[in-house]
Amino acid sequence: MLNKRSSFTGGIHPPYSKGLTKAKQIELCKVPELVTIPLQQNIGAPCQSLVKKGDKILLGQKIGQPRGYVSAPVHSSVSGSVKSIETADLPTGVRFPCVIIENDGSDTLDPSIKPGKLEDFSREELINIIMESGIVGMGGAAFPTHVKLSPPSDKTIDTVILNGSECEPYLTSDYRLMIEKPDDIIYGLKVIMKILDVSKAFIGIEDDKPDAIYAIEAASKDESGINVVKLHTKYPQGAEKQMIQVILGRQVPSGGLPMDVGTEVNNVGTAAAIAETVKTGKPLYQRIVTVSGGAVREPKNLMVRIGTSFKDVIDCCGGWIEEPVKVIAGGPMMGCAQHTLIVPVMKGTSGILLFTEKEAYEREPSNCIRCARCVEVCPIRLAPLYISAHSLKGNMEEAEKLNAMDCIECGSCSYICPASRPLLPSIMVAKKAIIADRKRQAEADQHRQNKR
Ligand code: SF4
Ligand code: SF4
C-alpha cells in the first residue's frame with residue numbers, strides 16, 4: 001500500500017456522519033409492484049422507448065435505445081407488463097418520459113442474458129458489453145462508461161485510477177461494497193485495464209476507511225500492477241482532478257479531461273457493475289443506495305431495483321421517526337433536494353437522505369465580509385465570491401473570465417462561508433448561462449457558414 005504524501009489544495013472537513021449506516025450490511029430492498037424507469041438516466045442523449053403499453057417485459061430486457069453515442073440504454077428491473085409511458089418527476093429535478101412497468105413478481109430473466117469470462121472477450125467485445133449493459137458512472141455523475149473507456153487514438157492512457165474515497169458525508173454504499181465485494185471491484189478493474197491496455201492501476205481510499213483498505217488490499221494482493229493508495233480524509237477527495245493530482249501528481253488543464261494527462265478515473269461501484277455484467281451478462285438494473293439522515297427510522301444500505309420510488313425505499317427502512325424537513329438525492333454536498341418522494345431511483349442515485357430540522361438548518365444570507373475563506377477552500381483555486389457576485393448581477397462574461405466553467409460544484413465555498421452567501425447556486429446559474437451562450441454562438445456560426 002502507498003501512503004499518500006500530499007493532499008490537494010483547499011478542501012473542507014465537514015462532519016462525515018457515516019456512523020448511521022457504516023456498519024449496515026447491504027440488504028435487498030423489497031421489489032415494488034410498479035417501477036418507473038426513466039428514458040434518460042445519464043449525461044448525454046436520452047433513449048427512445050423500445051416498448052409500448054401492454055407489452056410483456058422480461059427482467060433485464062432492453063427497453064430504451066440510446067439516441068446518440070454519448071448515452072446508455074436502459075433495461076427493465078422487473079418482469080411484467082408495460083402499464084404506460086408517461087412523463088414523471090425525476091430526482092435530478094426535471095420531468096422526463098418514463099416506462100412504467102407492473103411487476104409480475106416472477107423475475108423472469110431475459111433468456112438472451114448469458115454469463116461470460118474476462119478471458120473470453122476481446123477489448124472491443126468488452127466495450128460493447130459495457131455499452132449494451134447501460135453502465136454509467138455509479139458515483140453519481142452517470143457519464144456513459146463505454147465512452148470514457150474509448151479515448152481518441154491521439155490520447156495515450158498509461159494508468160487507471162479507481163475512486164474508493166466516497167468523500168460525501170452520510171454515504172456508505174461504496175464503503176460497504178469495498179468490504180463486502182472487493183473481488184468484484186478488482187475483477188472490474190482488470191476489465192478496465194484490459195480495455196485501456198494498461199498495466200498500472202491505483203485504488204484511492206480515504207484513511208477513515210481502514211477496513212475497506214484492508215479488504216481491497218487482500219483482494220488485490222496477487223495482482224501485479226494494482227496498488228491501494230491511502231488518502232487523507234478531506235472533501236472533495238473523490239473529485240477526479242483532485243484524485244489525479246494527489247495520486248499521480250498530474251494537473252488536468254483548465255477545460256481538460258483526465259485523458260489529457262494519460263489517465264482515466266472510475267468509481268469502485270462502476271468497476272463492480274462492470275464485473276457483474278461481464279460475469280453474469282446482466283445489465284445494470286439495480287444499484288446500492290444509502291438511506292440515511294436523522295429522520296429515517298432505520299438507516300440502511302440497500303440494493304435497490306432501478307425505478308423503485310423513494311417512498312418505497314424509505315418504507316423499506318421503516319419510514320421516518322419524524323417528518324423530514326429536507327430530502328436529498330445523493331450526498332448533502334452535491335446532491336439534489338426533492339419536493340416529492342414519488343421519484344424513481346436512477347442509475348446515479350447513490351443516496352437518499354432525510355434530514356431533521358436540526359440537520360437541515362439554513363441561515364439567512366448576509367453581506368460578504370471579504371474573509372476569503374471561500375477562496376482558501378476552493379480545490380480549483382477559483383475566487384467564488386467574485387464569480388458569484390458577477391453572476392448575481394447577470395454579468396456572465398466576467399464570471400466566465402474568472403473561469404466559472406472550471407467549478408466542479410463541490411459546494412465547499414458555500415459550506416465554509418460565514419455569511420451564508422449563495423455561492424454555489426449562483427455559480428451554477430453562471431455556468432448554465434455560459435453554456436447556453438456558447439451554444440447560441442456555435443449555432444450562429446454554423447448558420448453563417450451554411451449561408452456562404
Ligand atoms: S467555486 Fe466551485 S469548485 Fe470552488 S469551492 Fe465553490 S463549488 Fe467548489
Ligand atoms: S467566504 Fe463568504 S464572506 Fe468570506 S469572502 Fe467568501 S463570500 Fe465573502
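Our structure's up above, just so we're on the same page.
Let me sum up the structure you'll find in this document. Just so it is clear, the model here is predicted, and its values are computed rather than measured.

1. Observations concerning the pattern of salt bridges
- One pass over the full model with this rule turns up 20 salt bridges.
- Residue Lys-311 is joined to Asp-315 by a salt bridge in which the shortest nitrogen-to-oxygen separation is 2.9 Å. Here Lys-311 and its partner Asp-315 are both found in helix α8 (residues 310-315), 4 residues apart, which amounts to about one turn of the helix.
- Classification of Lys-311 as partly exposed rests on a relative accessible area of 37%.
- Shared partners join several salt bridges into a network, and the residues in it are Glu-206, Asp-208 and Lys-209.

2. Describing the packing of aromatic side chains
- Applying the stated criterion across every chain, the model contains 1 aromatic pair.
- Consider the rings of Tyr-170 and Phe-355, whose centres lie 5.0 Å apart with planes at 50 degrees: the pair is tilted. Residue Tyr-170 is found in the loop between β10 (159-163) and α3 (173-180), and its partner Phe-355 is found in strand β18 (residues 351-355); the two are separated by 185 residues along the sequence.
- Owing to a relative accessible area of 9%, Tyr-170 belongs among the buried residues under this scheme.
- The exposure class of Phe-355 is buried, given its relative accessible area of 4%.

3. Comments concerning the side chain of Ser-420
- In this fold, Ser-420 is placed in the loop between α12 (412-416) and α13 (423-451).
- A polar atom in the side chain of Ser-420 sits 3.0 Å from the side chain of Arg-363.
- What Ser-420 contacts, discounting residues up to four positions off in sequence, is Arg-363, Glu-364 and Pro-365.

4. Concerning the environment of Ser-292
- As for its placement among the helices and strands, Ser-292 is situated in strand β14 (residues 286-292).
- Counting along the chain gives 25 residues from Ser-292 to Cys-317, while the straight-line C-alpha distance between them is 9.3 Å.
- The contacts of Ser-292, once residues within four sequence positions are left out, are Leu-20, Thr-21, Tyr-170, Pro-299, Ile-352, Leu-353 and Leu-354.

5. Topic: the nonpolar core
- Ile-185, Val-191 and Ile-203 are the most contacted members of the largest nonpolar core, which totals 46 residues.
- Put simply, the parts of the chain that give this core at least two residues each are α1 (123-132), β10, α3, α4 (182-196), β11 (201-206), α5 (210-220), β12 (226-231) and α7 (268-280).
- With residues near it in sequence (within four places) discarded, Ile-185 still touches Leu-162, Leu-177, Met-178, Ile-216, Val-268, Ala-271 and Ala-272.
- Among the nonpolar cores identified, the runner-up in size contains 19 residues, and Ala-295, Val-304, Phe-310 and Ile-352 belong to it.

6. Here we look at the sheet that holds strand β5 (residues 56-57)
- Spatially, 4 strands are ordered β3-β9-β8-β5 in an open sheet, and the strand pairing comes out antiparallel. Looking at the sheet topology across the chains shown, the edges are occupied by β3 (34-38) and β5.
- Inspection of the sheet shows β3 paired to strand β9 (residues 95-103) by 5 bridges, in the antiparallel sense. Considered in β9, the bridge of Val-35 is made with Ile-101.

7. Remarks on the site of ligand 2
- If you check the shell around ligand 2, you find Cys-368, Ile-369, Arg-370, Cys-371, Ala-372, Cys-374, Leu-385, Cys-417, Pro-418, Ala-419, Arg-421 and Leu-423 and nothing else.
- Taken together, the residues of the shell around ligand 2 sort by class into 10 nonpolar, no polar and 2 charged.

8. Let's talk about the site of ligand 1
- In the neighbourhood of ligand 1, 13 residues make up the surrounding shell, with Cys-378, Cys-407, Cys-410, Gly-411 and Cys-413 lying closest.
- Counting residues per element, the ones that place at least two in the shell around ligand 1 are α12 and α13.
- By residue class, the composition of the shell around ligand 1 is 10 nonpolar, 2 polar and 1 charged.

The rules behind each value
Residues numbered from 1 in each chain as written. Chains lettered and ligands numbered in written order. Predicted model: local features only at pLDDT ≥ 70, side-chain atom pairs only at ≥ 80, totals over all residues. Heavy atoms only, no water. Salt bridge = Lys/Arg side-chain N within 4 Å of Asp/Glu carboxyl O. Helix = DSSP H or I, 4+ residues; strand = E, 2+ residues; numbered from the N terminus. Buried < 20%, exposed > 50% of the residue type's maximum accessible area, 1.4 Å probe, protein only. Phe/Tyr/Trp six-rings, centres within 6.5 Å; stacked < 30°, edge-to-face > 60°. Polar contact = N/O pair within 3.5 Å; in protein donor to acceptor, adjacent residues only side chain to side chain. Contact = heavy atoms within 4.5 Å. Core = buried A, V, L, I, M, F, W, Y, C linked by side-chain atoms within 4.5 Å. Pairing = 2+ DSSP bridges. Near = heavy atom within 4 Å. Nonpolar A, V, L, I, M, F, W, Y, C, P; charged D, E, K, R; others polar.

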